[in-house]
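# Survey of secondary and tertiary structure
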Amino acid sequence: MKTIYSHIQSAITSHKKLFAVLIDPDKCVDKHLTHFIALAQQAQPDFIFIGGSLTNQSTDKMIEKIKKSCTIPVVLFPGSASQFSPKADALLFLSLISGRNPDFLIGQHVVSAPFIKKSGIETISTGYMLIESGSTTSVEYMSNTRAIPRQKTGIAVATAIAGELLGNKLIYLEAGSGATQPVPTQIIEAVKQHISVPLIVGGGLRTCNDIEQALQAGADIIVVGNILEKNPELMVEFGKMIKT
Ligand code: 1GP
């Protein structure tokens, strides 16, 4: 079976863009989850990401529910070690390289590493970079880190290069869930030019135009969450746009 990472690599080789929908386990439950999955079956995103800065619901149970009714790969996008579940298809092993909080650079990883290893789950080391978005986001607050200023493209580029040199297999440019403004296109463009690993972009993408701009600037994978909690039907429109 193809791994999630090799799926990403072959998509890039064939100049295809990828679409991930994000489910926050606390915000998408019961009938909302059922509706969300039904729409996902129509929209066929490449991945369902699961995670959040602060969650109380069991990630395990949510993945079980998703897997009962659809075959779209589930990828963990955890806000902390407690969100790990061996039931997912892969784990983004996130290191918050834009910040200087050791807990999110290595601490949470040490706590979860033995469980991850034992589970045998595909683990994709990901350099996670917060970019300032106009207001304080949950991820900034919860991680107790500062985002890279929007106009400091050079710092974003140097951080992404450092992430790749440290062995990260993906770089994720994040404005934060529900961000007022998405990651600036000049940062996406500049980072893309300086790295050779796949580039994920998410946070504050609400319209086809937002997504189109991120794709044109060089995003390989688009992540959309917040707006789909309010208007899940948009998933079908976004899916068509990203995949054509
Ligand atoms: C957040 O990048 C994701 O971690 C998605 O952001 O919820 O704003 O779409 P939104």
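Refer to the structure above for everything that follows.
Residues numbered from 1 in each chain as written. Predicted model: local features only at pLDDT ≥ 70, side-chain atom pairs only at ≥ 80, totals over all residues. Heavy atoms only, no water.

## Focus: unusual backbone geometry
Worth spelling out the cut-off: Note on conventions: DSSP H or I runs of at least 4 residues are helices, E runs of at least 2 residues are strands, and numbering of each starts at the N terminus. The classification of residues rests on relative accessible area computed with a 1.4 Å probe and restricted to protein chains. Under 20% of the type maximum is buried, over 50% is exposed, and intermediate values are partly exposed.
One non-glycine residue, Gln-44, lies in the positive phi region at around 45 degrees. You can see Gln-44 is positioned in the loop between α2 (30–43) and β2 (47–50). On the basis of relative accessibility, which here comes to 40%, the residue Gln-44 falls in the partly exposed class. One non-glycine residue, Asn-144, lies in positive phi territory at about 55 degrees. Structurally, Asn-144 is set in the loop between α5 (138–143) and α6 (153–165). The exposure class of Asn-144 is exposed, given its relative accessible area of 65%.

## Observations regarding the site of the ligand
Stated precisely, the cut-off is as follows: One heavy atom within 4 Å of a molecule or strand is enough for the residue carrying it to be called near that molecule or strand. For this analysis, a polar contact is any N or O atom pair within 3.5 Å, provided that within protein one partner can donate a hydrogen and the other can accept it, and provided that sequence-adjacent residues contribute only side-chain to side-chain pairs. All accessible areas in this document rest on Shrake-Rupley with a 1.4 Å probe, and a residue is counted as covered only by the protein chains that are shown. Note that Gly is not counted as nonpolar here; it falls among the polar residues with everything else outside the nonpolar set of Ala, Val, Leu, Ile, Met, Phe, Trp, Tyr, Cys and Pro and the charged set of Asp, Glu, Lys and Arg.
Near the ligand lie 14 residues; those nearest to it are Glu-174, Ser-177, Gly-178, Gly-225 and Asn-226. Contacts to the ligand include Gly-225, whose backbone N or O atom sits 2.7 Å from an oxygen atom. Protein chains bury 97% of the 310 Å² of accessible surface belonging to the ligand in isolation. Grouping the constituent residues of the shell around the ligand by class yields 5 nonpolar, 8 polar and 1 charged.

## Regarding a nonpolar patch on the surface
Applicable threshold: To count toward a patch, a residue needs a relative accessible area above 30% and no salt bridge. Like charges then connect within 9 Å, nonpolar side chains (Val, Leu, Ile, Met, Phe, Trp, Tyr) within 5 Å. We define a salt bridge as a contact between a side-chain nitrogen of Lys or Arg and a carboxyl oxygen of Asp or Glu at a distance within 4 Å.
On the surface, Leu-54, Tyr-141 and Met-142 cluster together into a nonpolar patch covering about 360 Å² of accessible area. The topology assignment puts Tyr-141 in helix α5.

## Some remarks on the sheet that holds strand β6 (residues 170–174)
What counts here: Only when DSSP finds a minimum of two bridges between them are two strands counted as paired. Lines fitted to the C-alpha atoms define the axes, with helices restricted to the stretch that makes contact. Angles between their N-to-C directions range from 0 to 180 degrees. By the convention used here, residues are in contact when the closest approach between their heavy atoms is within 4.5 Å.
The sheet built from 8 strands closes into a barrel, its strands ordered β1-β2-β3-β4-β5-β6-β7-β8 with parallel pairing. When strand polarity is set aside, the average angle formed by the axes of neighbouring strands in this sheet is 30 degrees. By the bridge criterion, 4 bridges tie strand β1 (residues 18–23) to β2 in an arrangement that is parallel. By the bridge assignment for β2, Ala-20 is matched with Phe-47. With respect to the sheet, helix α4 (residues 102–119) is in contact with β4 (90–96) and β5 (122–130), its orientation differing from that of β4 by roughly 155 degrees.

## What about the pairing of β5?
Consecutive side chains of a regular strand alternate in pointing toward one face of the sheet and then the other. Heads up, the condition is: When the strands point away from the viewer, a crossover counts as right-handed if the route from the first strand across the helix to the second turns clockwise.
Here β5 lies mainly inside the structure; 7 of its 9 residues are buried. Note that β4 and β5 share 7 bridges and pair parallel. Counterpart to Leu-91 in the pairing with β5 is Thr-123. Taking the sense of rotation as the criterion, the β-α-β connection linking β4, α4 and β5 turns out right-handed. Sheet topology places β5 next to β6; 5 bridges connect them, and they run parallel. Bridging from a neighbouring strand, Thr-126 pairs with Leu-170 of β6.

Keep in mind these values describe shape, not function.
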